[in-house]
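Here are the chains, one letter per residue:
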Amino acid sequence: MNATIRKPLVLASLLVVSLGSVAVADSAAVQEKLKRQVEVTLVDVTIVEALEEIGKKAGVVIELSEEAIWELPEGAQTRLSVTLEGQLGQSLEEMLNAFFMRYAVGADAVAIYPRPELKHIMGRPTAQTLELLRNVYTNATYLTGEVKAVERMAQSVVSQMAGQDVSVFPLEMSRVVARVMGQMVGASQDGITVCLAPILDEVVDSVSNGSDRWVVCAPEWPSQVAQIRIIPRHEYDEIMRARIIDISFQEETGLTILRHLKGIADIKLEFAGNDQRWLERRISIEALNIKVEEALRRVTSALGGELKSVSLGAKGAKFVVQKKAPFTPRAARAVGPAPAPSASASASGDYVGKISIPMDGGKYFLEFMLRESDLTDELRQLRAERIQAILKTAPTLDAPETAPAP
């Protein structure tokens, strides 16, 4: 009996499971606002303008996270047309599904974040790769018939579920895809409805125990078809750590910046040591067209730490962020402890200075704040002496004259 393929179906239930929203606890007031009925029609506006207008209808702030901005085709300037009717939460979820985004409810606002599925797109998503990824997750096909017949038709089935001509690369992986499809049909008695995403997940599991990654790629030139690539984990890591990004943070904690970079590059990042208070130092950094790995190194260095890459073999690599050991000059070790700073020194938790380091010929600066506890004993003593010298040389105000007693 020949294999038969029925028309692909878009499974709404799969879309809801895969692309649903996430809510955070302790946000009852905002949750109630998301239940309000809204009617909004917007034509050719930026996503920021759309979220602002939608939020006004329900009296709630809706904002894009930095991670979401990076994973949108044109960032905050991504344009859309949308009509929303019904509950705000459900309508917002449907709008975000088109971009593989989710919303998280906070105590006083709703924030938009990218979903994990976007890691299957290398680089910044485009309208074409978003559509392809959506088809991979939602288009379903009913398969039945003999296993061998299903395997022979695997390529056409893959293209049908992808919604366009698509090839699986490398070539040997297309044979694994066919084998997995045949196994699924063979395990069923009356046929099976399949989606492409779980098939690709099963391929990766069978080949590398889940350490490899599958990604969708748009054609690079007109005569080329779209591709689904199965990439070894170490190759995936190399591509992601070399990803070119722009970063701009003002007076942000180092830990927040490092976690942001980790999310962009989908890398393994660990923080060494039990005392991680040094990561809470606030720094400012701006850089354009910089590789993720270089950005990680610059931020870590500005915090007074160092970044180490640890190979994990076939499973890729991880980065370890650790604090540099304090440098103590030999002469200073031979002398007794420096005298304690005078009482006029600021509390150890206050900022006492800022270091600004020009980079790349002054095109941008690395800046970070210093607390007194960051200074060496010698610098604290020098600072205290300078403060006293300034106070001694400061002009004094004459006492006001008093009127003679009557």
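Remember, predicted model here, so these are calculated numbers, not experimental data.

Below, the discussion takes up the pattern of salt bridges. Summed over all chains, the structure comprises 13 salt bridges. Measuring nitrogen to oxygen at the nearest pair gives 3.1 Å for the salt bridge that ties E293 to R241. Here E293 is found in helix α13 (residues 292–302), whereas its partner R241 is found in helix α11 (residues 233–241), with 52 residues between them in sequence. On the basis of relative accessible area, R241 is assigned to the buried category, the value being 17%. One salt-bridge network, in which partners are shared between bridges, spans R241, E293 and R297.

Before going further, it helps to examine unusual backbone geometry. Here the amide bond leading from F169 into P170 is cis, since omega sits at 0°, within 30 degrees of zero. Relative to the helices and strands, P170 is located in the loop between β9 (166–169) and α9 (171–187). Even without being glycine, D266 reaches a positive phi, approximately 50°. Considering the arrangement of structural elements, one finds D266 in the loop between α12 (254–265) and β14 (268–271).

Right, let's talk about helix α10 (residues 196–208) for a bit. Helical geometry note: an α-helix holds 3.6 residues per turn, so side chains three or four residues apart project in the same direction. Its 13 residues give α10 an end-to-end C-alpha distance of 18 Å, which sits within 8% of 18 Å, the value for a rise of 1.5 Å per residue. For α10, the complete set of buried residues consists of L196, A197, I199, L200, V203, V204 and S208. Buried residues of α10, seen end-on, are gathered within an arc of 165° and therefore sit on one face of the element.

On to the confidence of the model for the chain. When pLDDT is averaged along the chain, the result is 82, and 81% of the positions lie at 70 or above. Low confidence marks residues 1–25, where pLDDT is under 50. Its contacts with residues over four positions away, or in another chain, come to 60 contacts. Segment residues 331–336 is flagged for pLDDT under 50; beyond a separation of four residues in sequence, or across chains, it makes two contacts in the model.

On to the packing of α9 against α10, then. Interaxial distance between α9 and α10 falls to 9 Å at its minimum, and their mutual angle equals 110°. One way to sum up the angle between α9 and α10 is to call them roughly perpendicular. Of the two possible hands of crossing, α9 and α10 adopt the one that is right-handed. The residues of α10 that touch α9, namely those facing M173, V176, V177, V180, M181 and M184, are P198, I199, L200, E202, V203, S206 and V207. Its residues assigned to classes, the contact of α9 with α10 shows eleven nonpolar, one polar and one charged.

Let us now look at the packing of aromatic side chains. All told, the structure shown has two aromatic pairs when counted by the stated rule. Judged by centre distance (6.1 Å) and plane angle (45°), the ring pair of Y137 and W214 falls under tilted. Here Y137 is found in helix α6 (residues 127–138), whereas its partner W214 is found in strand β11 (residues 213–217), with 77 residues between them in sequence. As far as burial versus exposure is concerned, Y137 and W214 are alike and both buried. Connected via pairs of aromatic rings, a cluster forms that spans F100, Y137 and W214. The ring of W70 carries the charged tip of R124 above its face, separated from the ring centre by 4.5 Å. One residue, R213, lies across the ring of Y236, its end atom 4.8 Å from the ring centre.

A few words on helix α15 (residues 377–393). Between its first and last C-alpha, α15 extends 25 Å over 17 residues, near the 24 Å set by a 1.5 Å rise per residue. Among the residues making up α15, those that are buried are R380, Q381 and A384. The buried residues of α15 all sit within an arc of 100° when viewed along its axis, so they share a single face. When the buried face of α15 is taken as reference, the exposed residues oriented beyond 90 degrees from it are R386, I390 and T393.

So, on to the packing of helix α8 (residues 154–162) against α9. Orientation of α8 relative to α9, taken along the N-to-C sense of each, is 90°, at an axis distance of 9 Å. In terms of orientation, α8 lies roughly perpendicular with respect to α9. Contacts between α8 and α9 involve A154, V157 and V158 from the first element and V177, A178 and M181 from the second. Considered class by class, the residues forming the contact of α8 with α9 number six nonpolar, no polar and no charged.

This part takes up the sheet that holds strand β12 (residues 226–231). If you walk across this open sheet you meet the three strands as β9-β12-β11, and the pairing is mixed. Unpaired on one side and paired on the other, β9 and β11 mark the two borders of the sheet. Strand-to-strand twist of the sheet, defined as the mean angle between neighbouring strand axes without regard to direction, takes the value 20°. Here β11 pairs with β12 via five bridges, running antiparallel. Bridging from a neighbouring strand, W214 pairs with I230 of β12. Strand contacts of α8: β9 and β12, with the helix running at about 115° to β9, the strand carrying the most contacts. The sheet contacts of α9 involve β9 and β12, and relative to β9 the element is tilted by about 105°.

Each value, and the rule that gives it
- Residues numbered from 1 in each chain as written.
- Predicted model: local features only at pLDDT ≥ 70, side-chain atom pairs only at ≥ 80, totals over all residues.
- Heavy atoms only, no water.
- Salt bridge = Lys/Arg side-chain N within 4 Å of Asp/Glu carboxyl O.
- Helix = DSSP H or I, 4+ residues; strand = E, 2+ residues; numbered from the N terminus.
- Buried < 20%, exposed > 50% of the residue type's maximum accessible area, 1.4 Å probe, protein only.
- Expected span 1.5 Å × (residues − 1).
- Arc of directions from axis to C-beta.
- pLDDT = per-residue confidence, 0-100.
- Contact = heavy atoms within 4.5 Å.
- Axes fitted to C-alpha atoms, helices over the stretch in contact; angles between N-to-C directions.
- Parallel < 35°, antiparallel > 145°, perpendicular 65-115°, else oblique.
- Left-handed = near helix turned anticlockwise from the far one by under 90°.
- Nonpolar A, V, L, I, M, F, W, Y, C, P; charged D, E, K, R; others polar.
- Phe/Tyr/Trp six-rings, centres within 6.5 Å; stacked < 30°, edge-to-face > 60°.
- Lys NZ or Arg CZ within 6 Å of the ring centre and 35° of its normal.
- Pairing = 2+ DSSP bridges.

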